[in-house]
Amino acid sequence: MPGRTAVQNVRALPASTVPPAELPAPAEQLAARAAELLGWRGLVLPPMSLLGRRVVPVVELVPDRHAERLCWGVGPVTDRTTVSTWVWPEMVGRVPPPAVRLVGVLAPARHWRSALTSAVPFARICSAAVVLPALVTTGDDYVTNGMLRARLYGVGVLTADPDGAVGLELPGSTDEDRVIDVDLATSPAVRWMHEVLYDRVLAMTAASAD
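Computed from a prediction, not measured in an experiment: that's the story for all the values here.

What counts, and at which threshold
- All residue numbers here refer to positions counted from 1 along the written sequence of the relevant chain.
- In view of the model being predicted, local features appear only for residues whose pLDDT reaches at least 70, and side-chain atom pairs are presented and counted only at 80 or more, with totals across whole chains, interfaces and linings using the full set of residues.
- Hydrogens and water are ignored here; the side-chain numbers use all heavy atoms of the structure.
- The helix and strand labels rest on DSSP assignments: H or I over at least four residues marks a helix, E over at least two residues marks a strand, and numbering proceeds from the N terminus.
- We call a residue buried when its accessible area falls under 20% of the maximum for its residue type, exposed when it is over 50%, and partly exposed in between, using a 1.4 Å probe and counting protein chains only.
- In this description, contact between two residues means that some pair of their heavy atoms is separated by no more than 4.5 Å.
- For the area figures, the Shrake-Rupley method with a 1.4 Å probe applies, and any residue is considered shielded solely by the protein chains shown.
- By the counting rule applied here, Lys and Arg register as positive and Asp and Glu as negative, while His and the ends of each chain are not counted.
- Note that the charge is assigned to NZ on lysines, CZ on arginines, CG on aspartates and CD on glutamates.
- Each pair of strands is called paired provided DSSP finds at least two bridges between the two strands.
- Here, the term nonpolar core denotes a set of buried Ala, Val, Leu, Ile, Met, Phe, Trp, Tyr and Cys residues that are joined through side-chain atoms within 4.5 Å.
- For every residue, the predictor reports its confidence as pLDDT, a number between 0 and 100.
- Here is the rule: rings of Phe, Tyr and Trp (six-membered ring for Trp) pair when centre to centre is within 6.5 Å. Planes less than 30 degrees apart are stacked, more than 60 are edge-to-face, and the remainder are tilted.
- A ring is scored as having a charge over it whenever the NZ atom of a lysine or the CZ atom of an arginine sits within 6 Å of its centre and within 35 degrees of its normal.

Trainee: Describe the overall build of the protein chain, listing the residues and the values that go with them.
Mentor: Each helix and strand counted, the protein chain has 7 helices and 7 strands in total. Along its sequence from the N terminus, the protein chain presents helices and strands in the succession α-β-β-β-α-α-β-α-β-α-β-β-α-α. Projecting the C-alpha coordinates of the protein chain onto the three principal axes gives extents of approximately 90 × 40 × 35 Å. Put simply, the protein chain has 210 residues, and 38% of those count as buried. Partitioning the intrachain contacts of the protein chain with sequence separation of at least 6 by distance along the chain shows that 69% fall at a separation of at least 24. Surface summary for the protein chain: the accessible area is close to 12400 Å², and the carbon and sulfur share equals 56%. Each charge sign in the protein chain was given a centre, from 19 positive and 21 negative side chains, and these centres are 8 Å apart.

Trainee: Pulling in residues and values, what's your account of the pairing of strand β4 (residues 100-108)?
Mentor: The side chains of a regular strand alternate between both faces of the sheet. Burial runs high along β4: 8 of the 9 residues are buried. In the sheet, strand β3 (residues 53-61) pairs with β4 via 6 bridges, with the strands oriented antiparallel. The residue of β4 that forms the bridge with Pro 57 is Val 105. Relative to strand β5 (residues 127-133), β4 runs parallel, the two sharing 5 bridges. Among the inter-strand pairings, Pro 108 is bridged to a residue of β5, identified as Val 131.

Trainee: How would you summarise the nonpolar core if you had to cite specific residues and measurements?
Mentor: With 42 residues, the main nonpolar core has Leu 102, Phe 122, Val 130, Leu 132, Val 155, Met 193 and Leu 197 as its most contacted residues. Elements with a minimum of two residues in this core: β2 (48-50), β3, β4, α4 (112-119), β5, α5 (140-153) and α7 (188-209). Looking at this core element by element, the count peaks at 7 residues for α7. Formed by 15 residues, the second largest nonpolar core is a distinct cluster that contains Leu 30, Trp 40, Val 58 and Val 166.

Trainee: How would you summarise the side chain of His 66 if you had to cite specific residues and measurements?
Mentor: Here His 66 shows up in helix α2 (residues 63-72). Here His 66 falls in the buried class, since its relative accessible area comes to 15%. Not counting residues up to four positions away in its chain, the partners in contact with His 66 are Leu 61, Ala 99, Tyr 198 and Leu 202.

Trainee: How would you sum up the confidence of the model for the protein chain? Please name residues and give values.
Mentor: Residue-level pLDDT values for the protein chain average 88, and 90% of them are 70 or greater. Confidence drops under a pLDDT of 50 for residues 10-18, and excluding neighbours within four residues, the segment shows 0 contacts in the predicted structure.

Trainee: Now, about the environment of Val 56: what can you tell me, with residues and values included?
Mentor: Looking at where Val 56 falls in the secondary structure, it is placed in strand β3. Using a relative accessible area of 1% as the deciding quantity, one classes Val 56 as buried. Taking the C-alpha atoms as reference, Val 56 lies 15 Å from Asp 199; in sequence the two are 143 residues apart. Residue contacts for Val 56: discarding those within four places in its chain leaves Ala 27, Ala 31, Val 44, Leu 45, Pro 47, Gly 104, Val 105, Leu 106 and Pro 108.

Trainee: Explain the packing of aromatic side chains residue by residue, including any values.
Mentor: Tallying each qualifying case throughout the model produces 0 aromatic pairs. Note that Arg 80 overlies the ring of Trp 192, its terminal NZ or CZ placed 4.4 Å from the centroid.

Pasting the structure below:
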């Protein structure tokens, strides 16, 4: 054809790919180190699904409320339908108080986008941070986009090097400058989440006592 050159027998070569960075240790192990660096006091629970996200919660038992529930014989209520009725106006003063405080959540992940997707919803009610392979935080994508979004949402960033050492890359927002979403914090979903966490805390406490 005029103006075009035909090249015969051209074989397309596959583009070179860079293997994704891997976390150098189990998520719960990295989360425990990260919580210590962040100064979060509480029990680091195993990874679990909360609000549709896979995270590692750090929870603190509230002694007086726990004692009150023991006196009344009201343990964790993990039935979601039952807990959903606790926000009804006629239930005011008739439901047990939350016996745990969610100190924060950690989201260990191989990529910053996945980590922030898991952590950001919790930044509206508690501290939140991500743990990423150190190699990820040196990439242009993270420097250009990831760091900006972490700062925007007040999410802390920690890195894990190939030897498993965890370092603080970016501190998240503190309790003093965090704006709590009251509607979310008092929603049935979050109330139920606290009951699930309460159940996990008691189960871990009982297991460690055996």
